[in-house]
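Geometric and topological summary
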Amino acid sequence: MAHVIETAPTGRAKCRGCGGKIAEAELRFGERLPNPFADGETTHWYHLDCGAFKRPEPFLEALAAWEEPLNDRERLESEAQRGVAHRRLPRIDGADRAPTGRAQCRSCREPIAKGALRIRLVFFEEGRFEPSGYVHVHCARAYFETTDVLPRVKRFAPGLGDEDVVELQRELETSPPAAGGLPDS
């Protein structure tokens, strides 16, 4: 099962990472997985950025096999390697404001206040991304073991306003240092 990078022959495929259409003639990343419904395999398609952010290991395999010139190759490879080094980074699925005060942070286990910015998380299980909760923005360093999360957050939350991005950046800069012995959640 070799993962691939190829030019999209049509504009019909949807990205498994962000849900957006992959335009015709755009380069895309295909992750080959066993088909759960029949013999053989199936291919899940991603925009290159989405593949580097959400599926770093298979993306790096496909990138290593890609021999043609690629704009942003170094940036894409760096982002994918960052996702491998910080195993929780691929869980990022954007950010939003909490509509209620009922959600609990997966890092500190405290409630996320209504109206507070929070980072959405997903787990990749059985070929699908499943919602898995939220973390406070100020808990990002403790949970992800880095504060370099803004490119991923912005990619998967395109509707985030400029003021929200500034607030996110400010909270990330003031987040407390990571503590040792984090639970695996």
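Residues numbered from 1 in each chain as written. Predicted model: local features only at pLDDT ≥ 70, side-chain atom pairs only at ≥ 80, totals over all residues. Heavy atoms only, no water.

**Here's the deal with the sheet that holds strand E3 (residues 41-47)**
Reading across the sheet, the three strands line up as E1-E2-E3 and stay open at both edges, with antiparallel pairing between neighbours. Each edge of the open sheet is held by one strand with a lone partner, namely strand E1 (4-7) and E3. Within the sheet, the average angular offset between the axes of one strand and its neighbour, ignoring direction, is 35°. Of the pairings in the sheet, the one linking E1 to strand E2 (residues 27-34) comprises four bridges and is antiparallel in character. In the strand pairing of E2, Thr7 is matched with Leu27. (Pairing = 2+ DSSP bridges. Helix = DSSP H or I, 4+ residues; strand = E, 2+ residues; numbered from the N terminus. Axes fitted to C-alpha atoms, helices over the stretch in contact; angles between N-to-C directions.)

**Overview of the state of the cysteines**
As enumerated under the stated definition, the model contains zero disulfides in all. With no disulfide of its own, Cys50 has Cys15 as its nearest cysteine by sulfur position, at a separation of 3.6 Å. (Disulfide = S-S within 2.5 Å.)

**Here's the deal with the packing of aromatic side chains**
According to the stated counting rule, one finds six aromatic pairs in the structure shown. For the pair Phe29 and Phe59, a centre-to-centre distance of 5.4 Å together with 75° between the ring planes defines the contact as edge-to-face. Placement of Phe29 in strand E2 and of Phe59 in helix H2 (residues 56-65) is noted, with a sequence separation of 30 residues between them. The same class applies to Phe29 and to Phe59, which are both buried. Clustering of aromatic rings is evident, with ring pairs tying together Phe29, Tyr46, Phe59, Phe124 and Phe129. (Phe/Tyr/Trp six-rings, centres within 6.5 Å; stacked < 30°, edge-to-face > 60°. Buried < 20%, exposed > 50% of the residue type's maximum accessible area, 1.4 Å probe, protein only.)

**Looking at the environment of Tyr143**
Relative to the helices and strands, Tyr143 resides in helix H4 (residues 140-144). Once the C-alpha coordinates of Tyr143 and Asp72 are considered, the two residues, 71 residues apart in sequence, prove to be 28 Å apart.

**Here's the deal with the pattern of salt bridges**
According to the stated counting rule, one finds 15 salt bridges in the structure shown. Asp49 serves as the salt-bridge partner of Arg75, at 2.7 Å between the closest nitrogen and oxygen. Taken together, the residues Arg75 in helix H3 (residues 73-85) and Asp49 in helix H1 (residues 48-54) connect sequence positions 26 residues apart. Residue Arg75 is classed as partly exposed on the basis of its relative accessible area, which comes to 34%. Overall, the relative accessible area of 19% leaves Asp49 in the buried class. (Salt bridge = Lys/Arg side-chain N within 4 Å of Asp/Glu carboxyl O.)

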